[in-house]
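If you want the building blocks of each chain, they are given just below.
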Amino acid sequence: MIIYFGVLKEGINYVKIKKKLTEAGLIIRNYYPALKIVKFESEKKITQADFDFFVAIEEEKNDFSIQM
Amino acid sequence: MKQNRYIVLLKDQHKSSIQSVEREFSVSVTSSELLSKDNRSYNIIDSKNAVLYKNLGVVVVDDMDEQQLTLSVKDTKSPVIWFEKERDFFAADEITLINELKTAVDQLKTKITELENFILHKPIPQQPVIEWQWGLKAIGMDKTLFTGKGIDVCILDTGFDISHPDFTGRTIEGKSFIQGEDWDKDPNGHGTHCAGVACGNVRNDTGVRYGIAKDCNLKIGKVLSNSGNGTTSSIIDAIDWAITKKFRIISMSLASPVQINEKPSVLFETVGTRALENNVLIIAAAGNDSQRPSLPAPVSAPANSLSIMAVAAIDNQMKVARFSNAGINASTGGNINVCAPGVDILSSYPRKSGSTTDYKLLSGTSMATPHVSGLAALYMEQFPDLSARQVWELLETKAKQIENLPYRDIGKGLIQTIH
């Protein structure tokens, strides 16, 4: 499973698109109301072109580290 | 050439007196009764022709011999009893005078402002600042009385050693975003060090101060594992928590390297923007991927986002740290905003087995970042009405350039307290 972060476009209501994401087979892991970002998982590769209500979709990175 | 005109007062206007004046001074006197619009006094009066103003008993004439006039005044037989040079009179225009004064004051104000700007922004000479807590002196901590009191500063890092003696008695709130690891322990030590720089106080052994916002409200988010690594998930989860809790400052001494010309993450750009909209300032390390003097590496993520403040590191010689990343992806974003002390920085550290101290010297843009976060807390205390975005602007405005160090390496310069 790959974790993605979808950045919602201005004016998009999360409640209304939640169903579409589920129907597309995605597993929603979190919604951040203050950030208007949705975290979801998918077995297949996802791109922004797959969902027009996201400004961007980014894959989780795991290479953040301390800087000393 | 301007002529000297004289006003000569006569004791009377008898014909003999007029003739006496004409003889004595070799002039021809014309009575004012003969003046008209076609025969103006200024057309008559010169060194040979005088005008007698009948109503005043005064003769006006040019270029008289002053010595002779003086003698005549003293001579009781002479009809001349007084004389003086013509004076210039000007209209007294008070408004013009006030306007001129205002202009002069404005010019003086401009000069004072220029001088003030010069003094405040003159480059810092490249000379060493030799102290354990050199970083605090370099940013002017010895000149301010602000302590960050009442400001919530959130350190997103490897956790925090809550048993550290310098933090005994302080109320510290925290949350772990790393499964199976607690926020209030810090086997790594990095988080405790960064928290100490931003929010610490004085050493319990020597009394030397190493922390900036010693009275702020310390908040801890554990987003990096004990090995010092983390994911987008843990960071986003923690930022959302911090924004929801309305913490004012989020300090992230962490980074993920990027390639040259790689565009900043839209995700983190959005997160930074949303934070600012919620009056939260996110400050992040520029990254340690450089090996100067070779071409430095670009500013890492998430500091390369325009909505997140990027911090470079300098040493106590006022030189950019050899590892400090630079704004070389300027066309796609990723400039340095400010720099701060980041080499040989002393701060709190978990006492590990065999160790005899609660402190450690560390280097990195990780150490520079909490200097900015701590100072931001002081600014927020000092200027409580400023928004997070305005505090960011103020940090840049008050930063001082360092001689010979380019914008690419240190942005607007070394952060400074306001006093």
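First, a word on what this report is: a plain description of the structure on this page. Being a predicted model, the structure only gives us computed values, none of them experimental. (Residues numbered from 1 in each chain as written. Chains lettered and ligands numbered in written order. Predicted model: local features only at pLDDT ≥ 70, side-chain atom pairs only at ≥ 80, totals over all residues. Heavy atoms only, no water.)

Another point: the environment of Gln 67 of chain A. Its place among the elements puts Gln 67 of chain A in the segment after strand S5 (64-66). With 56 residues separating them in the primary sequence, Gln 67 of chain A and Gly 11 of chain A have C-alpha atoms 37 Å apart. Residues within four places of Gln 67 of chain A in sequence aside, it is in contact with His 190, Ser 253, Leu 254, Ala 255, Ala 285, Gly 287, Asn 288, Ser 363, Gly 364, Thr 365 and Ser 366 of chain B. (Helix = DSSP H or I, 4+ residues; strand = E, 2+ residues; numbered from the N terminus. Contact = heavy atoms within 4.5 Å.)

Glancing now at the environment of Phe 90 of chain B. Among the secondary structure elements, Phe 90 of chain B is positioned in the loop between strand S5 (80-85) and helix H4 (94-121). Between the C-alpha atom of Phe 90 of chain B and that of Thr 103 of chain B, which follows or precedes it by 13 residues, the distance is 21 Å.

This part takes up the sheet that holds strand S3 (residues 37-42) of chain A. Residues and elements named next belong to chain A. In spatial order, the strands read S2-S3-S1-S4; together these 4 strands make up an open sheet with antiparallel pairing. Single-partner strands in this sheet number two, and they are strand S2 (27-32) and strand S4 (54-59). Averaged over all adjacent pairs, the angle separating strand axes in this sheet is 20°, with direction ignored. In this sheet, S3 lies alongside strand S1 (residues 2-8) in antiparallel orientation, the contact comprising 6 bridges. (Pairing = 2+ DSSP bridges. Axes fitted to C-alpha atoms, helices over the stretch in contact; angles between N-to-C directions.)

All right, on to the side chain of Gln 382 of chain B then. Among the secondary structure elements, Gln 382 of chain B is positioned in helix H9 (residues 365-382). One polar contact links the side chain of Gln 382 of chain B to the main-chain carbonyl oxygen of Ile 418 of chain B, over a distance of 3.1 Å. (Polar contact = N/O pair within 3.5 Å; in protein donor to acceptor, adjacent residues only side chain to side chain.)

For His 190 of chain B, the position within the fold is in helix H6 (residues 190-199). Apart from the residues within four sequence positions on either side, His 190 of chain B is in contact with Ile 66, Gln 67 and Met 68 of chain A together with Asp 157, Thr 158, Ser 253, Tyr 349, Ser 366 and Met 367 of chain B.

For the rest of this paragraph, the subject is the sheet that holds strand S6 (residues 152-157) of chain B. Residue and element names in this part refer to chain B. The sheet built from 7 strands is open, its strands ordered S7-S8-S6-S10-S12-S13-S14 with parallel pairing. Whereas interior strands pair on both sides, the edge strands pair on one side only; in this sheet they are strand S7 (173-176) and strand S14 (338-341). Neighbour-to-neighbour, the strand axes of the sheet open up by a mean angle of 25°, direction not taken into account. Relative to strand S8 (residues 217-222), S6 is paired through 6 bridges, and the arrangement is parallel. Counted as the bridge partner of Asp 152 is Asn 217 from S8. Sheet strands touched by helix H10 (residues 388-398): strand S12 (281-285), strand S13 (309-314) and S14. Its angle to S12, the strand with the most contacts, is close to 45°.

Our focus in this paragraph is the interface of chain B and chain A. A common measure of how large an interface is: the accessible area buried when the components associate. Between chain B and chain A, the residue contacts involve 41 residues of the former and 25 residues of the latter. Here chain B meets chain A over a buried area of about 2600 Å², counting both sides, of which 57% is carbon and sulfur. Counting the surface chain B buries against chain A, the share from its top three residues, Asp 240, Leu 267 and Arg 274 of chain B, is 22%. Counting the contacts that link chain B with chain A gives 2 salt bridges. (Buried area = accessible area lost by both parts, 1.4 Å probe. Salt bridge = Lys/Arg side-chain N within 4 Å of Asp/Glu carboxyl O.)

Before going further, it helps to examine the packing of aromatic side chains. The full count for this structure, using the stated rule, is 12 aromatic pairs over all chains. Centre to centre, the rings of Tyr 6 of chain B and Phe 83 of chain B are 6.3 Å apart; their planes meet at 50°, and the pair counts as tilted. Taken together, the positions of Tyr 6 of chain B in strand S1 (residues 5-10) and Phe 83 of chain B in strand S5 put the pair 77 residues apart, joining distant regions of the chain. Relative accessible area serves as the criterion here: at 3%, Tyr 6 of chain B is assigned to the buried category. Here Phe 83 of chain B falls in the buried class, since its relative accessible area comes to 14%. Aromatic ring contacts, followed pair by pair, group Tyr 4, Phe 40, Phe 51, Phe 53 and Phe 54 of chain A into a single cluster. The cationic tip of Arg 203 of chain B hangs over the ring face of Tyr 359 of chain B; the distance from NZ or CZ to the ring centre is 4.5 Å. (Phe/Tyr/Trp six-rings, centres within 6.5 Å; stacked < 30°, edge-to-face > 60°. Buried < 20%, exposed > 50% of the residue type's maximum accessible area, 1.4 Å probe, protein only. Lys NZ or Arg CZ within 6 Å of the ring centre and 35° of its normal.)

This model, assessed by the stated rule, comprises 19 salt bridges over all chains. With a shortest N-O distance of 3.8 Å, Arg 274 of chain B and Glu 10 of chain A are connected by a salt bridge. Within this pair, whereas Arg 274 of chain B is found in helix H8 (residues 266-277), its partner Glu 10 of chain A is found in the loop between S1 and helix H1 (14-23), the two belonging to separate chains. Among the residues examined, Arg 274 of chain B registers a relative accessible area of 7% and is labelled buried. Overall, Glu 10 of chain A belongs to the exposed group, its relative accessible area being 68%.

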